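Results of the structural survey
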Amino acid sequence: MEAQDRFCEYLSGVSPVWCPGCGYYGILAALVEAFAELNLPTKELALISGIGCASRLPYFVKTYGFHGIHGRALPIAQGVKTANPDLTVVVVGGDGDGLAIGGGHFPHVARNNVDLTYLLFNNAIYGMTKGQFSPTTSLFSTTKTSPFGLPGDAINPAALAIMYGASYVARGFSVKKEHLRDLIIQGMRHPGFSFIEILTSCSSFNTIDMNVARIIKDQTLVDKDHDTEDRMAALRLASDEKQIHLGVYYQSRRPSLEDKFKEMQRLAQAKRETSLDALVKRYL
Ligand SMILES: Cc1ncc(C[n+]2csc(CCOP(=O)(O)OP(=O)(O)O)c2C)c(N)n1
Ligand SMILES: [Mg+2]
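An account of the accompanying structure is given in this report. This structure is a prediction, so every number in the text was calculated from the model and none was measured.

**Observations regarding the overall build of the protein**
For the protein, the count of helices and strands is 11 helices and eight strands. Compactness check: the protein gives a C-alpha radius of gyration of 20 Å against a globular reference of 19 Å for 284 residues, within 12% of the reference. With the C-alpha coordinates of the protein rotated into their principal frame, the extents come out at 70 × 45 × 40 Å. Across the 284 residues that make up the protein, the buried fraction comes to 43%. Long-range contacts, defined as pairs at least 24 residues apart, comprise 67% of the intrachain contacts of the protein with a sequence gap of at least 6.

**A few points about the site of ligand 1**
Close to ligand 1 lie 17 residues, the nearest being Gly52, Gly94, Gly96, Asp97 and Gly127. Of all the elements, helix H4 (residues 95-101) adds the most residues to the shell around ligand 1, at three residues. In terms of residue class, the shell around ligand 1 is made up of seven nonpolar, eight polar and two charged.

**Quick word on the pairing of strand S5 (residues 168-173)**
Counting buried residues in S5 gives six out of six residues, a clear majority hidden from the surface. Along S5, one buried face is formed by Tyr168, Ala170 and Gly172 and the opposite face, lined by Val169, Arg171 and Phe173, is buried too. For S5 and strand S6 (residues 194-199), the ladder comprises six bridges, and the chain directions are parallel. Considered in S6, the bridge of valine 169 is made with phenylalanine 195. Traced from S5 through helix H7 (residues 177-189) to S6, the parallel crossover comes out right-handed. In the sheet, S5 pairs with strand S8 (residues 244-251) via four bridges, with the strands oriented antiparallel. Among the inter-strand pairings, arginine 171 is bridged to a residue of S8, identified as glycine 247.

**Digging into the sheet that holds strand S1 (residues 45-49)**
Strand order in the open sheet formed by eight strands is S2-S1-S3-S4-S6-S5-S8-S7, with mixed pairing between adjacent strands. If you trace the sheet from one side to the other, it starts and ends with strand S2 (64-67) and strand S7 (219-221), each paired once. This sheet shows a mean twist of 20° between the axes of neighbouring strands, independent of strand direction. Here H7 sits on the sheet in contact with strand S3 (88-94), strand S4 (117-122), S5, S6 and S8, set at roughly 160° to S5.

**A short note on the nonpolar core**
Residues Val91, Leu119, Ile162, Val169, Phe195 and Tyr249 are the most contacted members of the largest nonpolar core, which totals 71 residues. For this core, the element with the highest residue contribution is helix H2 (residues 24-38), accounting for nine residues. Setting aside anything within four residues of it in sequence, one finds valine 169 in contact with Ala158, Ala161, Ile162, Phe195, Ala234, Tyr249 and Tyr250.

**Examining helix H6 (residues 157-164)**
By the criterion of burial, H6 is predominantly enclosed, with six of the eight residues buried. Where H6 is concerned, the buried positions are Pro157, Ala158, Ala159, Leu160, Ala161 and Ile162. Note on H6: the residue one or two positions beyond its end, glycine 165, has a positive phi of about 105°.

**Section: unusual backbone geometry**
In the Ramachandran plot, asparagine 39 falls in the positive-phi region, its phi being about 55° despite a non-glycine side chain. By the element assignment, asparagine 39 lies in the loop between H2 and S1. Of the residues examined, asparagine 39 has 10 C-beta atoms within 10 Å and is grouped as exposed. Although it is not a glycine, asparagine 113 sits at a positive phi angle of roughly 55°. Following the sequence through the fold, asparagine 113 ends up in the loop between helix H5 (106-112) and S4.

**Quick notes on the packing of H2 against H7**
Interhelical geometry of H2 versus H7 gives an angle of 50° and a closest axis separation of 8 Å. When the axes of H2 and H7 are compared, the pair comes out oblique. For the element pair H2 and H7, the recorded crossing hand is right-handed. Of H7, the residues touching H2 (which contributes Gly26, Ile27, Ala29, Ala30, Leu31, Glu33, Ala34, Glu37 and Leu38) are Lys177, Leu180, Arg181, Ile184, Ile185 and Met188. Taken together, the residues of the contact of H2 with H7 sort by class into 10 nonpolar, one polar and four charged.

**Focus: the pairing of S8**
Remember that side chains alternate between the two faces of the sheet whenever the strand is regular. Most of S8 is tucked away, with six of its eight residues classed as buried. Relative to S8, S7 runs parallel, the two being bridged by three bridges. Bridge pairing in S8 links threonine 220 to histidine 245. What joins S7 to S8 is helix H9 (residues 231-239), and the crossover it makes is right-handed.

Quick notes on the rules
Residues numbered from 1 in each chain as written. Chains lettered and ligands numbered in written order. Predicted model: local features only at pLDDT ≥ 70, side-chain atom pairs only at ≥ 80, totals over all residues. Helix = DSSP H or I, 4+ residues; strand = E, 2+ residues; numbered from the N terminus. Rg over C-alpha atoms; globule rule 2.2 N^0.38 Å. Buried ≥ 20, exposed ≤ 12 C-beta atoms within 10 Å, placed from the backbone. Contact = placed C-beta atoms within 7 Å. Near = placed C-beta within 6 Å. Nonpolar A, V, L, I, M, F, W, Y, C, P; charged D, E, K, R; others polar. Pairing = 2+ DSSP bridges. Right-handed = clockwise from strand over helix to strand, strands pointing away. Axes fitted to C-alpha atoms, helices over the stretch in contact; angles between N-to-C directions. Core = buried A, V, L, I, M, F, W, Y, C linked by C-beta atoms within 7 Å. Parallel < 35°, antiparallel > 145°, perpendicular 65-115°, else oblique. Left-handed = near helix turned anticlockwise from the far one by under 90°.

Rendered as structure tokens:
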């Protein structure tokens, strides 16, 4: 069976409730196409989210799903993966969910290299709660909670992921569906923590920061000669303020948390006392 024929097998039949023109429809299509291409059985996939418009995605897909609480998608996903390492775990959420209330979890899943694929839907606004600024809203933006302009500088999620130690970091764009699908496939195949920042407008509350026409004009693909193992070169590309580079910035192989747990289990078992007497004597 071809990937396009498998596409519907991954849809739950629940219709998305996002606004007309929302970029998230394109992300949902790219993700489901990635699942169909990888041909993973739905019972081996788990989608975990927090709270927000982006976090509604697990309802629309026929995999295991967990619509968690605001900012807690990553620790829930780490728990799921640790309890059942055979599952392929994908985390979805917004910029508010992952970088404001949930911002304290991001560095730790990245440095520990937990084997998850995290899709951060960056619309630079709190969409669900109707237009408050988020950590990625740009300086001086006027929003419902910054009527005289936002005084804070925006976070760059992809650059942050590189610095936190994520072992696969990419940036995609919701209207470039095939390109995004390929980034997701590569991220899901990568063993370790994969982070994909997805630029997407919020058709109701932020079409300025994430203006689709401007991003189309400003974007270019990551150069074929870019060395994805060069962390500093990756950081430079992710932080370029003149042009938006879409593609893979960084990819490296190092043991995942699951690999390290296996090694610790082996060490603990090798040291295990075989008799109660020997164990008691250790404490005498
Ligand atoms: C503990 C807690 N605080 C605040 C909220 C209210 N709340 C719901 S969604 C949200 C922000 C969503 O923004 P984002 O994560 O960027 O997702 P988007 O809706 O833009 O996809 C907030 C503040 C909540 N549900 N729980
Ligand atoms: Mg948002």
